[in-house]
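Each chain is listed here by its residues.
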Amino acid sequence: MRNVNEIYKLWLENEYFDEETKKELISIKDNSKELEDRFYKDLEFGTGGLRGIIGAGTNRINKYTVRKVSQGLANYIHQQKNDAAQKGIVIAHDSRKKSSEFALEAALVFTANGIKTYLFDELRPTPELSFAVRFLKAFAGVVITASHNPKEYNGYKVYGQDGAQLSLECSQAVLDEINKINDFSCIKVISREEAIGKNLLNIIGKEIDDEYIKRLKQLSSDYSDMKETASTLKIVYTPLHGSGNKLVRRILQEKGFTDVLVVPEQEHPDPEFRTVKTPNPEDKAAFTHAIKLAEKEGADIIIATDPDCDRIGVMVRDRRNQYIMLTGNQTGCLLMEYVLSSLKKNEKLPPNGFVAKTVVTTEMARAIAEFYNVKIVEVLTGFKFIGEKIKEMDEFGHEKYLFGFEESFGYLAGTFVRDKDGVVSSMLIADMAALYKARGMTLLEGLEELYRKYGYYLEEVKSYTLKGKEGIERIEACMNELRELKPSGFNSFKVKAIRDYLLKKRIDLDSGNEESLMLPSSNVLYYELEESCWFCIRPSGTEPKIKVYFGVSSSELNSSKEKLEELKNSVIYVVGKLLGV
């Protein structure tokens with residue numbers, strides 16, 4: 001058992017830790033619960049990085065934990081072959097508290113370890129970091145971001161030389177190096193001036209922007225009627241105080257979308273995110289200011305990107321001049337249909353093409369892929385796994401990646417970026433909206449067209465937030481109990497099979513037969529139900545949450561709505577009891 005008080009005392013007495021840190025820790029000396037939460041463990045380096053609340057302590061993100069992770073990553077880089085240190089590492093950051101400070105701290109650890117380092121001159125979207133790693137032929141990349149989390153959080157995401165988040169194997173190897181560091185004062189750090197003087201620290205910016213935008217334009221479909229409509233499409237855009245502002249506006253402008261209005265209250269970086277409860281484009285409340293501007297100006301669509309501009313949310317004006325929010329699944333299916341139909345129209349749909357989705361993403365994607373005779377690949381939750389499939393099947397295989405998405409508002413076309421991309425998605429959504437407008441339709445009417453074509457697929461997500469050590473224990477207990485129970489049904493919904501991704505097996509409840517699952521081990525339970533229904537439960541890998549995903553389909557909208565409501569109520573009753581909420 002870890003001695004919390006002993007570690008707390010070490011941080012207070014060790015000269016390595018600055019006075020600001022010690023002052024913060026003294027202020028909580030009488031709060032035993034807060035002290036335990038800050039020191040009962042080290043902030044976990046998971047699949048691709050870490051994320052946590054900003055503050056002093058081993059279970060918080062601060063300049064010391066950033067240095068420690070950077071030293072571990074530096075040690076890992078030096079163990080690699082093919083001049084990894086000379087190829088270097090690229091660093092970007094978003095608009096959060098201490099993001100620029102943490103980015104520089106990381107850079108000064110890498111340069112102190114003799115690793116060539118590229119540091120962006122100001123905040124940049126996460127997908128541009130992925131692009132930069134590939135473009136500069138660097139060995140790795142780091143982005144300081146907590147994506148769409150509340151303002152109290154920040155994070156540290158690590159990318160491999162293919163531009164995708166680190167694989168499970170590489171993440172474990174980096175973690176092993178981090179765990180070897182027991183003394184913070186042994187971590188190497190030099191000054192910015194020394195790093196530049198040794199030609200180890202290279203500041204980058206506009207030249208990468210220009211190359212990135214050039215590649216974006218190569219993705220766009222060639223529809224003459226769409227080009228004519230682009231200038232008439234009125235778009236309201238909000239970067240939610242984040243890093244998407246400049247590049248999203250630039251690509252839309254250069255593509256001919258000249259009627260783009262930016263929400264003034266959310267245009268500029270703000271680490272406090274004062275205009276929103278949380279800067280998450282999945283949350284309709286984040287669109288409040290954008291809706292007001294859209295109503296005033298009569299905008300066709302609203303686009304919002306999160307602080308690091310990898311996620312994107314969309315709202316569409318309907319025929320009653322109301323703004324309707326699309327779900328991540330709906331936007332993803334519209335984009336998939338758009339991408340595949342465009343390729344088919346231009347006779348560029350390859351016979352070896354594939355699309356990718358996560359296990360909790362809508363099954364409509366499968367129906368679209370089947371219609372276009374395209375292979376669909378299913379991966380665990382997390383875009384890093386889609387990035388791995390691009391590398392495995394496209395870069396080193398004989399198949400062609402066409403499109404991929406996850407229900408949590410992440411989409412990617414093209415292979416020059418290996419993570420979800422809000423800039424690419426903004427361009428494609430605008431292109432798609434202009435094409436539908438040329439046909440006299442809105443995106444909502446385009447979605448209804450998909451439902452009539454493929455069936456009414458409806459989905460929903462229920463999240464439970466359980467903070468602190470106690471919350472994590474309750475989440476673990478819930479998953480363990482479900483795993484032991486193996487329920488055969490939830491009210492009228494009979495379970496046909498259970499996929500246990502932790503044990504890597506699928507259990508057929510009728511026959512009792514078991515088959516192996518080929519995906520990596522992960523704490524996920526997926527229930528295949530009768531009547532084309534399913535639900536899945538998994539703890540979040542980055543937040544103190546457990547999420548339950550529901551999916552149904554039928555040939556009629558009302559039938560799907562009824563099934564979804566009944567399924568939700570049946571499952572939530574059971575899960576709520578297990579969680580004690």
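For the structure given in this document, a descriptive report is provided here. The shown structure was predicted, so the numbers you read here are calculated from the model rather than taken from an experiment.

Time to look at the overall build of the chain. If you tally the helices and strands in the chain, you get 20 helices and 23 strands. By the compact-globule yardstick of 25 Å for 581 residues, the chain fits well, its C-alpha radius of gyration being 24 Å. With the C-alpha coordinates of the chain rotated into their principal frame, the extents come out at 65 × 55 × 50 Å. Out of the 581 residues in the chain, the part that is buried amounts to 59%. For the chain, the proportion of contacts with a sequence separation of at least 24, taken over those separated by at least 6, is 68%. If you sum the accessible surface of the chain, you get close to 24200 Å²; carbon and sulfur atoms cover 47% of it.

What follows deals with the pattern of salt bridges. When the charged atoms of two side chains with opposite charge come close together, those side chains can pair. Enumeration over the complete set of coordinates arrives at 61 salt bridges. Salt-bridge contacts for Glu395 lead to Arg134; the nearest nitrogen and oxygen are separated by 3.9 Å. Here Glu395, found in helix 16 (residues 383–395), pairs with Arg134, found in helix 7 (residues 126–135); they are 261 residues apart in sequence, far enough to count as distant. Taking relative accessible area as the criterion, Glu395 reaches 35% and is therefore assigned partly exposed. One salt bridge in this structure joins Glu528 and Arg506, with 2.9 Å as the shortest N-O distance. Here the residue Glu528 occupies a position in strand 21 (residues 525–529), and Arg506 occupies one in strand 19 (residues 505–508), the gap between them amounting to 22 residues. Neither Glu528 nor Arg506 differs from the other in exposure class; each is buried. A single salt-bridge network, built from bridges that share partners, covers Lys357, Glu363, Arg366, Glu378, Arg499, Arg506, Glu515 and Glu528.

Moving on to the packing of aromatic side chains. This structure, assessed with the given rule, holds 24 aromatic pairs. Between Trp11 and Tyr64, the ring centres sit 6.0 Å apart and the planes meet at 85 degrees, which makes this aromatic pair edge-to-face. Residue Trp11 is found in helix 1 (residues 4–13), and its partner Tyr64 is found in helix 4 (residues 63–79); the two are separated by 53 residues along the sequence. Classification of Trp11 by relative accessible area gives buried; the value is 1%. Assessed through its relative accessible area of 1%, Tyr64 is described here as buried. Consider the rings of Phe131 and Phe135, whose centres lie 5.7 Å apart with planes at 15 degrees: the pair is stacked. With Phe131 and Phe135 both in helix 7 and four residues apart, this pair spans about one turn of that helix. Aromatic rings pair up to connect Tyr8, Trp11, Tyr16, Phe17, Phe39, Tyr64 and Phe184 into one cluster. In this structure, Lys453 packs its charged tip against the face of Phe371, placed 3.8 Å from the ring centre. Stacked on the ring of Tyr464, the Lys or Arg Lys462 has its end atom at 5.3 Å from the ring centre.

We now examine helix 1. Within helix 1, burial applies to Val4, Ile7, Tyr8 and Trp11. End-on, the buried residues of helix 1 take up no more than an arc of 100 degrees, which puts them together on one face. For helix 1, exposure combined with an orientation more than 90 degrees from the buried face picks out Asn5, Glu6 and Glu13. Contact partners of the buried residues in helix 1: helix 2 (19–26), helix 3 (32–39) and helix 4. Sitting at the head of helix 1, Asn3 places a side-chain oxygen 3.2 Å from the backbone nitrogen of Asn5.

In this section: the packing of helix 1 against helix 3. Where helix 1 meets helix 3, the axes come as close as 9 Å, and the angle between the chain directions of the two elements is 80 degrees. Our classification of the angle between helix 1 and helix 3 gives roughly perpendicular. Along its contact with helix 1, which presents Val4, Ile7, Tyr8 and Trp11, the element helix 3 presents Leu35, Glu36 and Phe39. Among the residues making up the contact of helix 1 with helix 3, the classes are represented as six nonpolar, no polar and one charged.

This next bit is on the sheet that holds strand 12 (residues 353–358). An order of 13-12-14-15 is seen for the four strands of this open sheet, with the pairing classed as mixed. Bordering the open sheet on either side are strand 13 (375–379) and strand 15 (410–412), each of which pairs with just one other strand. The mean inter-strand angle of the sheet, taken between neighbouring strand axes irrespective of direction, is 20 degrees. Judged from the three bridges that link them, strand 14 (residues 400–406) and strand 15 form a sheet pairing that is antiparallel. By the bridge assignment for strand 15, Gly404 is matched with Leu412. The sheet contacts of helix 14 (residues 328–345) involve strand 12, strand 14 and strand 15, and relative to strand 14 the element is tilted by about 165 degrees.

Among the secondary structure elements, Ser554 is positioned in strand 23 (residues 545–554). Assessed through its relative accessible area of 16%, Ser554 is described here as buried. In terms of polar contacts, Ser554 uses its side chain to reach the side chain of Ser559, at 3.5 Å. A distance of 2.8 Å separates polar atoms of two side chains, one belonging to Ser554 and the other to Ser560.

Reading the values: rules and limits
- Residues numbered from 1 in each chain as written.
- Predicted model: local features only at pLDDT ≥ 70, side-chain atom pairs only at ≥ 80, totals over all residues.
- Heavy atoms only, no water.
- Helix = DSSP H or I, 4+ residues; strand = E, 2+ residues; numbered from the N terminus.
- Rg over C-alpha atoms; globule rule 2.2 N^0.38 Å.
- Buried < 20%, exposed > 50% of the residue type's maximum accessible area, 1.4 Å probe, protein only.
- Contact = heavy atoms within 4.5 Å.
- Areas by Shrake-Rupley, 256 points an atom, 1.4 Å probe, with all protein chains shown as cover.
- Salt bridge = Lys/Arg side-chain N within 4 Å of Asp/Glu carboxyl O.
- Phe/Tyr/Trp six-rings, centres within 6.5 Å; stacked < 30°, edge-to-face > 60°.
- Lys NZ or Arg CZ within 6 Å of the ring centre and 35° of its normal.
- Arc of directions from axis to C-beta.
- Polar contact = N/O pair within 3.5 Å; in protein donor to acceptor, adjacent residues only side chain to side chain.
- Axes fitted to C-alpha atoms, helices over the stretch in contact; angles between N-to-C directions.
- Parallel < 35°, antiparallel > 145°, perpendicular 65-115°, else oblique.
- Nonpolar A, V, L, I, M, F, W, Y, C, P; charged D, E, K, R; others polar.
- Pairing = 2+ DSSP bridges.

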